Amino acid sequence: LRPVGDAWLNYLLMCAGIGAPGTLPEIARGYFGDKSAPERLRPDAVVSVGDVIEIGPGVGPVKLGPFRYENSWKDETGYQRPVEL
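So, a few notes on the structure that sits alongside this text. (Residues numbered from 1 in each chain as written. Predicted model: local features only at pLDDT ≥ 70, side-chain atom pairs only at ≥ 80, totals over all residues. Heavy atoms only, no water.)

Right, let's get into the overall build of the chain. A count of helical and extended segments in the chain gives two helices and four strands. Tracing the chain from N to C terminus, the helices and strands come up as α-α-β-β-β-β. Projected onto its principal axes, the C-alpha coordinates of the chain cover approximately 55 × 35 × 20 Å. In the chain, which comprises 85 residues, the proportion classed as buried is 22%. Across the chain, contacts joining residues at least 24 apart in sequence account for 38% of those joining residues at least 6 apart. The positive charge centre, built from 9 side chains, and the negative charge centre, built from 11, are 2 Å apart in the chain. (Helix = DSSP H or I, 4+ residues; strand = E, 2+ residues; numbered from the N terminus. Buried < 20%, exposed > 50% of the residue type's maximum accessible area, 1.4 Å probe, protein only. Contact = heavy atoms within 4.5 Å. Lys, Arg positive; Asp, Glu negative; His and termini not counted. Charge placed at Lys NZ, Arg CZ, Asp CG, Glu CD.)

Across its 14 residues, helix 1 (residues 2-15) extends 20 Å between first and last C-alpha, which sits within 8% of the 20 Å expected from 1.5 Å per residue. Two residues or fewer after helix 1 comes G17, characterised by a positive phi angle close to 85 degrees. (Expected span 1.5 Å × (residues − 1).)

On to a nonpolar patch on the surface, then. A contiguous nonpolar surface patch, about 550 Å² in accessible area, is contributed by V4, W8, Y11, L12 and M14. For Y11, the position within the fold is in helix 1. (Patch = residues over 30% accessible without salt bridge, like charges linked within 9 Å, V, L, I, M, F, W, Y side chains within 5 Å. Areas by Shrake-Rupley, 256 points an atom, 1.4 Å probe, with all protein chains shown as cover. Salt bridge = Lys/Arg side-chain N within 4 Å of Asp/Glu carboxyl O.)

Below, the discussion takes up the sheet that holds strand 4 (residues 67-70). If you trace the four strands from one edge of the open sheet to the other, you get 1-2-3-4, paired in antiparallel fashion. Looking at the sheet topology across the chains shown, the edges are occupied by strand 1 (47-49) and strand 4. The sheet shows a mean angle of 10 degrees between the axes of neighbouring strands, taken without regard to direction. Pairing between strand 1 and strand 2 (residues 53-55): three bridges, direction antiparallel. Counterpart to S48 in the pairing with strand 2 is E54. (Pairing = 2+ DSSP bridges. Axes fitted to C-alpha atoms, helices over the stretch in contact; angles between N-to-C directions.)

This next bit is on the pattern of salt bridges. Evaluated as defined, the whole model comprises six salt bridges. In this structure, K74 and E70 form a salt bridge, with 3.1 Å as the shortest nitrogen-oxygen distance. What makes K74 partly exposed here is its relative accessible area of 36%. Its relative accessible area of 45% is what places E70 among the partly exposed residues. The network of salt bridges with common partners includes E26, R29 and D34.

Written out as structure tokens, the structure is:
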């Protein structure tokens, strides 16, 4: 039982960013985007992975399997939005 407990403790410490400098800022960057980095996707670019995943044009509509949705930042420009990271 002890090895399992130690593994979970190490996992939770890693998720909290303890002992891994820079982890928490990178996690926040993934959620909010990076205002200091240039855009990666052109406004007319479409990224496809077979028939399962499609993003675009730009960072606009997203299709994941049978689900389609719009990103709240689809009209923002000038920085790396979360979908581009």
